[in-house]
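The lines below spell out each chain.
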Amino acid sequence: MFSLTVRRNFMIAHSLPREAFGPAQGLHGATFVTEVTFRRRALNDDSIVLDIGAAGDVLDEVLDGLNYKNLDEHPDFSGKLSTTEALAQYIADAVAAQVRVGADGKDLAGLDVTLRETPDAWAGYSLNFDAS
């Protein structure tokens with residue numbers, strides 16, 4: 001399996017109003033290092049997984065809708081907890097929607113999103129695409 005990873009940062013504000021989150025129940029900020037890894041079983045005709053610039057552009061576009069936003073007010077998170085894990089899934093789904101419709105994305109085997117909150121703590125989400 002071949003892979004290509006692109007990385008970006010984004011910042012959000014949010015609260016996690018449940019006892020399990022301790023002091024994070026209140027409104028606070030978070031900065032995430034976001035890594036998206038695109039997977040392909042075989043390289044395409046250009047001997048790449050995906051164009052690095054195109055992969056970065058897709059991630060930039062997805063993160064633009066989150067960066068410097070208060071997720072407590074974001075319509076996509078209304079009534080939902082915006083945990084690191086939930087954000088990873090949200091980003092994976094949004095990136096997948098863009099690359100699956102693009103000509104170069106049709107042969108991708110899947111993608112992985114990792115959100116690093118600190119150098120010592122991160123969460124992720126993986127998507128595997130159909131063989132169709």
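Since this is a predicted model, take the numbers as computed values, not measurements. In every chain, residue numbers begin from 1 and rise along the written sequence. Side-chain atom pairs in this predicted model are given and counted only at pLDDT of 80 or more, local residue features only at pLDDT of at least 70, and totals for whole chains, interfaces and linings cover all residues. To get the side-chain values, all heavy atoms of the structure are used, and hydrogens and water are removed first.

(A) Structural context of the overall build of the protein chain. When its secondary structure is counted, the protein chain shows two helices and five strands. If you list the helices and strands of the protein chain from N to C, you get β-β-α-β-α-β-β. A compact globule built from 132 residues would reach a C-alpha radius of gyration of about 14 Å, and the protein chain, at 16 Å, matches this within 12%. Overall, the protein chain is about 50 × 30 × 25 Å in size when its C-alpha atoms are taken along their principal axes. In the protein chain, buried positions account for 39% of the 132 residues. Comment: elements are numbered from the N terminus, with helices defined as DSSP H or I runs of at least four residues and strands as E runs of at least two. Within these notes, the globule rule equals 2.2 Å times the number of residues to the 0.38 power, and the radius of gyration is based on C-alpha atoms. Three exposure classes are used, based on accessible area relative to the maximum for each residue type with a 1.4 Å probe and protein chains only: buried under 20%, partly exposed in between, and exposed over 50%.

(B) Looking closely at the environment of Tyr 125. Turning to its location among the elements, Tyr 125 is positioned in strand β5 (residues 121-128). On the basis of relative accessible area, Tyr 125 is assigned to the partly exposed category, the value being 28%. Note on contacts: a residue pair is in contact if any heavy atoms of the two residues lie within 4.5 Å. With sequence-adjacent residues up to four places away left out, Tyr 125 is seen in contact with Ala 88, Gln 89, Ala 92, Asp 93, Leu 111, Asp 112 and Val 113. Here Gln 89 takes part through its side chain, which lies 3.5 Å from a polar atom of the side chain of Tyr 125. Throughout this description, a polar contact denotes any pair of N or O atoms lying within 3.5 Å of each other; where both atoms belong to protein, one of them has to be capable of donating a hydrogen while the other can accept it, and for residues adjacent in sequence the pair is counted only when both atoms sit in side chains.

(C) Representation of the environment of Asn 70 within the structure. In this fold, Asn 70 is placed in strand β3 (residues 69-70). Residues Asn 70 and Asn 128 lie 58 residues apart in sequence; the distance between their C-alpha atoms is 30 Å. Contacts of Asn 70, omitting those with residues within four sequence positions, involve Ala 13, His 14 and Leu 27.

(D) Just unusual backbone geometry, in detail. Positive phi, close to 60°, is recorded for Ser 47, a residue that is not glycine. As for its placement among the helices and strands, Ser 47 is situated in the loop between β2 (28-40) and α1 (52-64). Assessed through its relative accessible area of 52%, Ser 47 is described here as exposed. Phi is positive for Tyr 68, which is not a glycine, with a value near 65°. Of note, Tyr 68 is situated in the loop between α1 and β3.

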